[in-house]
Protein chains: 2
Amino acid sequence: MQYLDFDKTAAYGRLTDLAPEGREFNFIEKLNAERVEKCRIAMASGLTYNWAAKAVTEPVLDALQALADEQELVAKYKLLLDGEIMNTGENRKVLHHLLRGQLGAPVLSEGRNIGDFYRQELERFSAFAAGIHGGKIRSSTGNAFKSVVQIGIGGSDLGPRALSIALENWALREGRNHLKAAFISNVDPDDASRVVADLNLDETVFILVSKSGTTQETLANELFIKDKLKKAGLDPSKHMVAVTSETSPLAHNPAYLDSFYIDDFVGGRYSATSAVGGVILSLAFGPAVFKEILAGAHEADRFALEKDIRGNASLLDALIGVWERNFLKLPYTAVLPYSQALSRFPAHLQQLDMESNGKRVNRDGRPVGYATGPVVFGEPGTNGQHSFYQHLHQGTDIVPLQFIGFSESQGRDDVETEGSTSQTKLKANLASQIVAFAKGRRVSGDENVSRNKEFPGGRPSSLIYGERLTPAVLGSLLAHFENKVMFQGFVWNLNSFDQEGVQLGKILTKKILAGDSGDPALDAYTRLLGL
Amino acid sequence: MQYLDFDKTAAYGRLTDLAPEGREFNFIEKLNAERVEKCRIAMASGLTYNWAAKAVTEPVLDALQALADEQELVAKYKLLLDGEIMNTGENRKVLHHLLRGQLGAPVLSEGRNIGDFYRQELERFSAFAAGIHGGKIRSSTGNAFKSVVQIGIGGSDLGPRALSIALENWALREGRNHLKAAFISNVDPDDASRVVADLNLDETVFILVSKSGTTQETLANELFIKDKLKKAGLDPSKHMVAVTSETSPLAHNPAYLDSFYIDDFVGGRYSATSAVGGVILSLAFGPAVFKEILAGAHEADRFALEKDIRGNASLLDALIGVWERNFLKLPYTAVLPYSQALSRFPAHLQQLDMESNGKRVNRDGRPVGYATGPVVFGEPGTNGQHSFYQHLHQGTDIVPLQFIGFSESQGRDDVETEGSTSQTKLKANLASQIVAFAKGRRVSGDENVSRNKEFPGGRPSSLIYGERLTPAVLGSLLAHFENKVMFQGFVWNLNSFDQEGVQLGKILTKKILAGDSGDPALDAYTRLLGL
């Protein structure tokens, strides 16, 4: 397998030559009904990816296909599935796909079949959740557990939180709600303090999530909670489970009701489908629901094996992102789900994308000479329409957009006003925005006419849509973006699976806390903060 | 008063010449203890703005002062305070400062003293809140109200929601919590459906907020709620108040328990200190707390009158933002509060900034030839450190940063682990990040050494810090950013107070709902969405 820096590929030159085709793409002329019908790809769980409103022509598509072939994107994905060391910086395999099912060869490590290990943990925490739901596992005062609180940060927080919020209303509607879920992440004591204020501690089980077992924030919050439990006369060991690696100080520890294991082959931001997301989602909605998420993700992983970019949504989404980033020179992407249930999904994607591909060196640690991962941000629509969309429509820069929408609501609880339901209004808004961003609106008149009601258009967007946001659909969406980010990392020849950028701050923090920062400027800052 | 496009000023040329000073700013050499001590400005409510880690030299400061003088930034602010028509596009005064107190001349409009009107409404809704807290105003079944839910979108949601979340833990600690606050914004019926599931309707009062009284989302959600209230056997008119303009269809309407008024001189994103924020914050925390917010904001408004940029934090913050946007060519800003209480403050600032200054025409409607407002995004620290900070530290592009931090926690409920409290860890992390971003870390060795542990540094940041996040501090923070955005709008010669960019989508949505979109491509999109 060949690992080429992006600017050393033949496709790079070809795409550079094609850049004017993208910049001059005439949306008013080209975005017609036929294009909307044609430019779509079937995804897992009945979802569809539509890229009609992207500034992409057939020659550009051909060049992107050539890029996919030249960088062997799908072949690299297959290597990853088969257990190749794709996390070069940390010398690790990358196996989050295996959490959802077997797509490659069986993966062995130190004599162990990793797939078996993942399946075994899945069954263990499924049984644990069933034990809590069935009332067999009870609090230290004999109460049934009614709430579950995850203590974790970064990947142990954002993904599981986004998924949990995404299914709350669905679960209420479908009668699948078990424990009420909450999250504590920040080392700011106000986070834990605020969450605890709403809990009945004697009906709450806490999940402590730290792969290394050394995460500063998580250990501090564990102590905060143990302190509260003790003060309430409760036994912390009957109210807390651990999700960690088998080599961590938290493993095999009688201080916990039970422990579930992950390993170094699943990175934090890719861990939502491991025990990191699985324990809380199984407790909140039942193990069957978590398995539906896994099935949806597995199906998306399978769809991502297709080599034809016109038939692989994750691959094409990745390549269009590269086209926009490196050739149209657009340094950001907004994710805009028209679904309140996905309110924190953009925050998860922000981590997934920016932590994976916000890198300036290639997989071998050599600086690259091209732009890599963009800034990712977003909020749900229609809320965003009344907020930052002004900038997206009429700002001096162009921000590429990624819309998500569904035909039906989750709650199936709606009202009709002025002849349409709220869900219909939501969808009408979504469709309108795509076309408004692409085509804009001219104002007629000479140069003395005010242009403040003019919309320049030319704002590219894609749309992922489906029937209803179910657990399987959610799993497919999650995996789609994981795979998109992976393919982009392959294009840019990055290691998308480490995060060395978090280390320097940690080192300096430790020095300060040990009383010797080694930098007078740093000491001056700590003084300002009353430290 | 002269209104010049930015690129027509003498300062623009001077700053262009100085740009290399910023790009080559040597943080390792220049960011010493003396600079950290020196580069700070006192703000309202005991806050401080520190800009030591910004790529700004004395000649740049001098040029920014010249820009402030040439564009008459403070003089324009004074005109605005005195009631000049600064919202040129909509031909309106801009009077959100007057909500907090009188700084300019009395403002009259159609024979009415607007300051008197604002003060009168403040007293009216303060009395209303006291009536609810005292149990004089009760639900239709005679219950005391325990929850309050705001129904509003955009400015009627983001600011009030951010402020409400920001004070929850403070109020719990200080015994100032009255009603529990929640928010419904999205037209997605899953939003209202999810919020209602957690409520006892017979103990809930709803606030319907729409200045025009015609906001599609808000009216749909009003009906959704009225429907639920009726089905629960409750009288909606005893459970709902309106915040609207006196000319709206909602005004003086017996369908509401009471109505509180705003006017066209306060824009949605500037309305948190009007009845739009005031009713819910007074109900949640008491009228005295809301008045403390106003006092903090008023003090910040007064501080913003200073002409010397070295003594006016809002002005300098604005000018450094312009320096970074137009001369260092950095198209985004991240807002990073080290306070979980400010978890939704970045979402409010995203609206405030991007809706105000995401404009491509000047105040007279003529296209401008320079970049205006940046993309704004952010999440609280330390959470972000475990998420998108990888990109900020080691990405290929530089994102300017705005940190916020406090000496003390709100809840004053903390634990010590490994010799330090969580609050101390939080502050140590904050200080470390500033220095890590600025100075980075070199890796020694030849070109064959892996650079994945290298940090390029050169990432500029500012820090706003204070003692503790109280209502007054929160009000000062809010007004600081409002005034920063206003000053930037004056520099760019924009009208920061309209939002024509939201109109096109609304028009297309109406056409779709009326059955005639007029565009076959739009029809194709609506078909995809099952509309």
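Residues numbered from 1 in each chain as written. Chains lettered and ligands numbered in written order. Predicted model: local features only at pLDDT ≥ 70, side-chain atom pairs only at ≥ 80, totals over all residues.

(A) Structural detail: the overall build of chain A. Along chain A, the regular secondary structure elements total 18 helices and 15 strands. Taken over the C-alpha trace, chain A has a radius of gyration of 24 Å; the compact-globule value for 531 residues is 24 Å, and the two agree within 12%. For the C-alpha atoms alone, the extent of chain A along its principal axes is close to 75 × 60 × 55 Å. Within chain A, buried positions represent 63% of all 531 residues. (Helix = DSSP H or I, 4+ residues; strand = E, 2+ residues; numbered from the N terminus. Rg over C-alpha atoms; globule rule 2.2 N^0.38 Å. Buried ≥ 20, exposed ≤ 12 C-beta atoms within 10 Å, placed from the backbone.)

(B) View of the environment of Pro254 of chain B. Residue and element names in this part refer to chain B. Checked against the element boundaries, Pro254 lands in the loop between β8 (240–245) and β9 (258–262). A tally of 7 C-beta atoms within 10 Å means that Pro254 is categorised as exposed. In sequence terms Pro254 and Lys238 are 16 residues apart; their C-alpha atoms lie 9.8 Å from each other.

(C) Seen up close, helix α16 (residues 471–491) of chain B. Residues and elements named next belong to chain B. If you check α16, its first and last C-alpha atoms are 30 Å apart, about what 21 residues at 1.5 Å a residue would give, namely 30 Å. Extensive coverage of α16 is indicated by the burial of 21 of its 21 residues. Asn493 occupies a position one or two residues after α16 and carries a positive phi of about 60 degrees. (Expected span 1.5 Å × (residues − 1).)

(D) Summary view of the relation of the copies chain B and chain A. For these two chains of identical sequence, chain B goes onto chain A by a turn of 180 degrees and a shift of 0.0 Å along the axis, with RMSD 0.0 Å. The transformation just described matches what one would write down for a two-fold rotation axis. The C-alpha atom lying nearest the rotation axis in chain B is that of Phe377 of chain B; the distance is 3.3 Å. The residues that chain B uses at the interface reappear at the interface of chain A in 100% of cases, marking a shared surface. (Least-squares fit on C-alpha atoms with pLDDT ≥ 70 in both. Contact = placed C-beta atoms within 7 Å.)

(E) Examining the packing of helix α12 (residues 313–327) of chain B against α16 of chain B more closely. Residue and element names in this part refer to chain B. Interaxial distance between α12 and α16 falls to 8 Å at its minimum, and their mutual angle equals 50 degrees. Between α12 and α16, the angle falls in the class oblique. The interaxial crossing formed by α12 with α16 has right-handed handedness. Taking contact as the criterion, the partners of Ala313, Ser314, Leu315, Asp317, Ala318, Gly321 and Val322 in α12 are, on α16, His480, Asn483, Lys484, Phe487, Gln488 and Val491. Classifying every residue of the contact of α12 with α16 gives 6 nonpolar, 5 polar and 2 charged. (Axes fitted to C-alpha atoms, helices over the stretch in contact; angles between N-to-C directions. Parallel < 35°, antiparallel > 145°, perpendicular 65-115°, else oblique. Left-handed = near helix turned anticlockwise from the far one by under 90°. Nonpolar A, V, L, I, M, F, W, Y, C, P; charged D, E, K, R; others polar.)

(F) Representation of the interface of chain B and chain A in the model. Between chain B and chain A, the contact holds 128 residues from the first and 128 residues from the second. When residues of the side of chain B that touches chain A are assigned to their parent elements, the largest contribution, 15 residues, is made by helix α15 (residues 422–439) of chain B. Its residues assigned to classes, the side of chain B that touches chain A shows 52 nonpolar, 50 polar and 26 charged.

(G) Region of the structure containing the domain arrangement of chain A. Domain parsing of chain A yields domain 1 (6–23 + 33–95 + 295–411 + 421–440 + 461–498), domain 2 (103–292) and domain 3 (499–531). Between the C-alpha centres of domain 2 of chain A and domain 3 of chain A the distance comes to 31 Å. (Domains from an automatic or database assignment.)

(H) Here's a closer look at the packing of helix α11 (residues 287–303) of chain A against helix α16 (residues 471–492) of chain A. Residues and elements named next belong to chain A. At their nearest, the axes of α11 and α16 sit 6 Å apart, and the two run at 40 degrees to each other. Considered as vectors, α11 and α16 are oriented oblique to each other. Of the two elements, α11 crosses α16, and the hand of that crossing is right-handed. On the side of α11, the interface is formed by Val289, Glu292, Ile293, Leu294, Ala295, Gly296, Ala297, Glu299, Ala300 and Asp301, while α16 contributes Pro471, Ala472, Val473, Leu474, Gly475, Ser476, Leu478, Ala479, His480 and Asn483.

(I) Fine view of the nonpolar core. Within the largest apolar cluster, 348 residues are counted, with the highest numbers of intra-cluster contacts made by Leu319 of chain A together with Leu319 of chain B. Per-element accounting of this core gives the leading share, 13 residues, to α16 of chain A. Discounting residues that sit within four places of it in the chain, Leu319 of chain A has contacts with Leu64, Leu67, Ala68 and Ile309 of chain A. (Core = buried A, V, L, I, M, F, W, Y, C linked by C-beta atoms within 7 Å.)

(J) Structural context of the confidence of the model for chain A. Within chain A, residue pLDDT values average 97, and 100% of them lie at 70 or more. Here the prediction assigns the complex a pTM of 0.98, and the interface score ipTM is 0.97. (pLDDT = per-residue confidence, 0-100.)

(K) Quick peek at the sheet that holds strand β7 (residues 204–209) of chain A. Residues and elements named next belong to chain A. Here 5 strands make up an open sheet; going across it, the order is β6-β5-β7-β8-β9 and the pairing parallel. Two strands close off the open sheet at either side, each with one partner strand: β6 (180–184) and β9 (258–262). Within the sheet, the average angular offset between the axes of one strand and its neighbour, ignoring direction, is 20 degrees. (Pairing = 2+ DSSP bridges.)

(L) Spotlight on the pairing of strand β6 (residues 180–184) of chain B. With 4 of 5 residues buried, β6 of chain B is to be regarded as a mostly interior element. The parallel pair strand β5 (residues 147–151) of chain B and β6 of chain B, bridged by helix α7 (residues 158–174) of chain B, forms a crossover whose chirality is right-handed. (Right-handed = clockwise from strand over helix to strand, strands pointing away.)

(M) Spatial organisation of the sheet that holds β6 of chain B. Residues and elements named next belong to chain B. Spatial strand order, β6-β5-β7-β8-β9: 5 strands in an open sheet with parallel pairing. Unpaired on one side and paired on the other, β6 and β9 mark the two borders of the sheet. Between one strand axis and the next, the sheet turns through 20 degrees on average, direction left out of account. In terms of strand pairing, β8 meets β9 through 5 bridges, oriented parallel. Bridging from a neighbouring strand, Val241 pairs with Asp258 of β9. Together, β5, β6, β7 (204–209), β8 and β9 form the strand contacts of helix α10 (residues 275–285), whose direction differs from that of β9 by roughly 135 degrees.

(N) Just unusual backbone geometry, in detail. Residue and element names in this part refer to chain A. Here the amide bond leading from Gly381 into Thr382 is cis, since omega sits at 10 degrees, within 30 degrees of zero. A positive phi angle, near 50 degrees, is found at Glu418, a position not held by glycine. Tracing the chain through its elements places Glu418 in the loop between β13 (416–417) and β14 (420–421). The phi dihedral of Asn493 falls on the positive side, at around 60 degrees, and the residue is not glycine. Relative to the elements of secondary structure, Asn493 occurs in the loop between α16 and α17 (503–513).

(O) Summary view of the pairing of strand β8 (residues 240–245) of chain A. All names here are of chain A. With 5 of 6 residues buried, β8 is to be regarded as a mostly interior element. Of the strand pairs in this sheet, β7 and β8 are connected by 4 bridges, and their pairing is parallel. Pairing of Ile207 across the sheet is with Val241, part of β8. This β-α-β element, β7 to helix α9 (residues 216–231) to β8, shows right-handed connectivity.

(P) Molecular detail of the environment of Asp202 of chain B. Residues and elements named next belong to chain B. Turning to its location among the elements, Asp202 is positioned in the loop between α8 (189–197) and β7. Residue Asp202 is classed as partly exposed on the basis of its C-beta count, with 17 C-beta atoms lying within 10 Å. Each C-alpha atom, one on Asp202 and one on Ala232, is 8.1 Å from the other, the two residues being 30 residues apart in sequence. Setting aside its immediate chain neighbours within four residues, Asp202 contacts Ser139, Thr141, Asn143, Ala232 and Leu234.

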